[in-house]
Amino acid sequence: MTLPKNTHRLANQGRRRLVKGLATAGVAAATGSFSTFSIGQAKPKLRILGTHVTLQEELRQKAMDDLGIELIFEPKGSAAVQQKALTNPDSFDLYEQWSNSINVLWRSGSIQAIDKKRILHWDEINSLTKTGRITSSAKIGAGDAPYKLLNVQNDGSLNAEQTEQASFLPYVHNVDSFGYNTDFIDEGVAYETESWGWLLDEKNKGKVAIVNAPTIGLFDLALAAQAKGLMRFQDIGAMSVQELDQLFSILIAYKEQGHFSGFWTSVPESVRFMKTKRVHIESMFSPAVSSLNGQGVPVTFAAPKEGYRGWHGVMCLSSRTQGRVKDVAYEYMNWWLSGWPGAFIARQGYYISNPQRSRKYLSAAEYDYWYDGKVATESLKGTDGAVSVLKGSTRRGGSYEKRFENVAVWNTVMPTYDYSLEKWYEFLSA
């Protein structure tokens, strides 16, 4: 991977000085706009491949207004997104998904290095992706902790040693678990009685759904099997072939007995599963829980005593992105760390890597609830405008720090990935 030529770097430094000058003058803060493209030029076009988690219409419209560009969003399920990125890097300019996809995309040559000097607020990005810990006492978690994949070395490898190049922009992140409908399942106690084992509990038979993603749903089920005492893993983030054989033997037996109602591929589908009462408990992402709560469906997002499955959003440059489009891609990446986008995604339960810049776009009640884990002093609305948090509620799992102190495993592409993929599809077709 090579850095831009000197002339290109100087041009971009000039763009950065202009952006900083606007911010100092208060223009950027007042308008939210920091595009530096000339009036009269055709609007630059940026194609973004990703999931429904971040490729949302309100974000697209706001970014286009702020940057004066045209954005084409292509949201898909996580497996489909990764497959397209691997096989057709010409089809996108930026890729948005999760850190477990980095190793595969990097090795395939589908993405290129990001120059940290062109990320205006890189120094504000917190320690979670830079050191692996949000606090000194936090568990790093098994598997592909994002800090292990962040830095591009001179030999082209990825590891934790700091360099001037990154494999991805750290931005949206959260911890995941499962959601359950308290009309059918008694509410548990966070970190005490709620357990991944509930996904394999006999009393939930026929009313369980799992996310259909072999680097995500696999760990939900592995954590469940271990919590139920059905098997133990030496390293749950790097399962052996023998452990995978044992795990899928257990899971296929459950499936053949009708334990699972379905396997969802997108957040909207997971919402439909729960809203129609097809399921009572399922793998869930935070926006789905917020959406259902806003619609009056009493879904609780569990804080499992075994720990969460962590994920970190990654924004990556296609290996084919060059020239003016590449400049626009950096503008868009900088926009994501500019404050407003982080506040927007906070309202659906997600965190941003530099939350201090988003704080001014959130009310005190919102920040206290979403980041500090305090009681909501007023009812709070989600990104769809519907109330998703009732006055007097507290966020399940507590504060940002508390939640990220309790990561059991990260979404991961294991050394046995190819074999786990075979077993996953064998499981789905059983």
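Here the structure is shown first, and the text comes after it.
Each value, and the rule that gives it
Residues numbered from 1 in each chain as written. Predicted model: local features only at pLDDT ≥ 70, side-chain atom pairs only at ≥ 80, totals over all residues. Heavy atoms only, no water. Helix = DSSP H or I, 4+ residues; strand = E, 2+ residues; numbered from the N terminus. Rg over C-alpha atoms; globule rule 2.2 N^0.38 Å. Contact = heavy atoms within 4.5 Å. Areas by Shrake-Rupley, 256 points an atom, 1.4 Å probe, with all protein chains shown as cover. Lys, Arg positive; Asp, Glu negative; His and termini not counted. Charge placed at Lys NZ, Arg CZ, Asp CG, Glu CD. Core = buried A, V, L, I, M, F, W, Y, C linked by side-chain atoms within 4.5 Å. Buried < 20%, exposed > 50% of the residue type's maximum accessible area, 1.4 Å probe, protein only.

Engineer: How do you make sense of the overall build of the chain when you look at a structure like this?
Structural biologist: Looking only at helices and strands, the chain has 16 helices and 17 strands in total. On C-alpha atoms alone, the chain measures out to a radius of gyration of 21 Å, which is about the 22 Å that the 2.2 N^0.38 rule sets for 430 residues. Along the first, second and third principal axes, the C-alpha set of the chain runs to 65 × 50 × 40 Å. In the chain, once contacts between residues fewer than 6 apart in sequence are set aside, the share between residues at least 24 apart is 70%. Total accessible area on the chain is roughly 16,800 Å²; 48% of this is exposed by carbon and sulfur atoms. In the chain, 48 side chains carry a positive charge and 44 a negative one; their mean positions are 5 Å apart.

Engineer: What am I meant to see in the nonpolar core here?
Structural biologist: Note on soluble globular proteins: their nonpolar side chains tend to be buried together. Counting 96 residues, the largest nonpolar core has Leu71, Leu94, Tyr332, Met333, Trp336, Tyr371 and Phe404 as the members making the most contacts within it. Sorting elements by how many residues they give to this core places helix H11 (residues 323–336) first, with seven residues. Apart from the residues within four sequence positions on either side, Tyr371 is in contact with Ala346, Tyr350, Tyr351, Ile352, Pro355, Leu362, Glu366, Ser399, Tyr400 and Glu401. Core analysis: the next-biggest nonpolar cluster, separate from the first, contains 37 residues, Phe178, Leu218, Ala224 and Leu244 among them.

Engineer: So what exactly am I meant to see when it comes to helix H10 (residues 286–294) here?
Structural biologist: Each full turn of the α-helix corresponds to 3.6 residues, which orients residues three or four apart in the same direction. Within the span of H10, buried status applies to Ser286, Pro287, Ala288, Val289, Ser290 and Leu292. Buried residues belonging to H10 abut strand S9 (169–181), helix H9 (267–275), strand S12 (281–284), strand S13 (299–301), helix H14 (364–370) and strand S16 (387–389). Looking one or two places after H10, you find Gly296, whose phi comes out positive at around 85 degrees.

Engineer: Quick question: what am I supposed to make of unusual backbone geometry here?
Structural biologist: Most peptide bonds take the trans configuration, and most residues that are not glycine carry a negative phi. A positive phi angle, close to 65 degrees, is found at Tyr191, a residue other than glycine. In this fold, Tyr191 is placed in the loop between S9 and strand S10 (208–211). Despite not being glycine, Lys277 has its phi angle at roughly 65 degrees, a positive value. Along the chain, the position of Lys277 falls in the loop between H9 and S12.

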